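# Chains, contacts and geometry: an overview
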Amino acid sequence: MSSYSSGKNTKRKTTGKRRKKKGNNPALKYVKPGVAVLLILTVVLGIRAWTSGSGYRVDDLDASQPEIDVQLLDVNPYSRPGIETEGINGIVIHYTANPGSTAQENRDYFNGLQYSQETEASSNFIVGIDGEIIQCVPTWEVAYASNERNSDTVSIEVCHPDKDGQFTEETYRSLVQLTAWLCVKFDLSQEDVIRHYDVTGKICPKYFVEHEDAWEEFRDNVGNAILAT
């Protein structure tokens, strides 16, 4: 054992001497800076792969079915008319325009319209601030969300904490996965994902209308999730 250790130490000393001699080569002064640059690029590229440009982590998402809390609305003329769709040709993204409200509160509001009768409104799905997903209307039934596209689209209402309409990371991740899953379910692509704005010109969802790059990035994230399936 002692003889093996002694031989190892001797070898290290010899290697050290050789390195010292090589250090006299002027060309080697560029090695360490080059390694540093390589490390920086690796870290930067790694961060970009790990997150989307907006800072949300999405690289681990695919189009598998997310966890969904099914709480179907009562069939009624104001929020769930019970009318079958004509076939699904698109997914429409909305925002609640009610900062801080939860998915459950929005679902209960829709269900309560049968009593208040103040308007006609609903959505097939609602994504909450913590990423929870509630289904209100079956995907084969019309929801009152997207005007003239009600009959051939699935609608997703999305909660947000502030008036600027930007989503939390938990919300964003759930929205990407839910949208990707629906695209696969109905044989659609990311190009078939639209905003309420694209149907009527209404500023909805607000953040995605006011930040076109964020909208395009979202659709790219959906497309990547589809490909990852």
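Here's a quick rundown of the structure. Computed from a predicted structure; not experimentally measured. (Residues numbered from 1 in each chain as written. Predicted model: local features only at pLDDT ≥ 70, side-chain atom pairs only at ≥ 80, totals over all residues. Heavy atoms only, no water.)

For the rest of this paragraph, the subject is the packing of aromatic side chains. One pass over the structure, following the stated rule, counts seven aromatic pairs. Put simply, the rings of Tyr-56, Phe-167, Tyr-172, Phe-208, Trp-215 and Phe-218 pair up and form one aromatic cluster. (Phe/Tyr/Trp six-rings, centres within 6.5 Å; stacked < 30°, edge-to-face > 60°.)

With that out of the way, let us pick up the nonpolar core. Grouped burial of nonpolar side chains is what soluble globular proteins tend to show. One finds Ile-156 and Phe-218 to be the most contacted residues of the largest nonpolar core, which totals 34 residues. When residues of this core are traced back to their parent elements, those giving at least two are β2 (90-95), β3 (125-127), β5 (153-158), α4 (169-185), α6 (206-210) and α7 (212-227). Sort the elements by how many residues they give to this core and α4 lands first, with eight residues. Leaving out residues up to four positions away in the same chain, Phe-218 has contacts with Ile-93, Tyr-172, Leu-175, Val-176, Thr-179, Val-193 and Phe-208. Residues Ala-103, Ala-121, Ile-126 and Val-137 belong to the second largest nonpolar core, which totals 12 residues. (Core = buried A, V, L, I, M, F, W, Y, C linked by side-chain atoms within 4.5 Å. Buried < 20%, exposed > 50% of the residue type's maximum accessible area, 1.4 Å probe, protein only. Helix = DSSP H or I, 4+ residues; strand = E, 2+ residues; numbered from the N terminus. Contact = heavy atoms within 4.5 Å.)

With that settled, the discussion passes to empty space enclosed by the protein. Summed over the entire model, instances satisfying the criterion amount to one cavity of 30 Å³ or more. When its volume is computed, the largest cavity comes out at roughly 70 Å³. Together, Ser-54, Tyr-56, Gln-166, Phe-167, Tyr-172, Tyr-207, Phe-208, Ala-214 and Glu-217 line the largest cavity. Mapped by element, the contributors of at least two residues to the lining of the largest cavity are α6 and α7. Classifying every residue of the lining of the largest cavity by side-chain character gives six nonpolar, two polar and one charged. (1 Å grid on protein atoms, 1.4 Å probe; cavity = no way out; pocket = protein on both sides within 12 Å on 5 of 7 lines; lining within 4 Å. Points joined across faces, edges and corners; volume = space filled by probe spheres on them. Nonpolar A, V, L, I, M, F, W, Y, C, P; charged D, E, K, R; others polar.)

With that settled, consider the pairing of β2. The two faces of the sheet receive side chains in turn, since in a regular strand these alternate between them. Counting buried positions along β2 gives six out of six residues, so the element sits mostly inside the fold. Neither face of β2 is open: one carries Gly-90, Val-92 and His-94, the other Ile-91, Ile-93 and Tyr-95, and all of them are buried. Taken together, the six bridges between β2 and β5 define a ladder with parallel strand orientation. Paired with Ile-93 across the bridge in β5 is Ile-156. One ladder, built from three bridges, connects β2 with strand β6 (residues 193-195); its direction is parallel. Along β6, the bridge assignment pairs Ile-91 with Val-193. (Pairing = 2+ DSSP bridges.)

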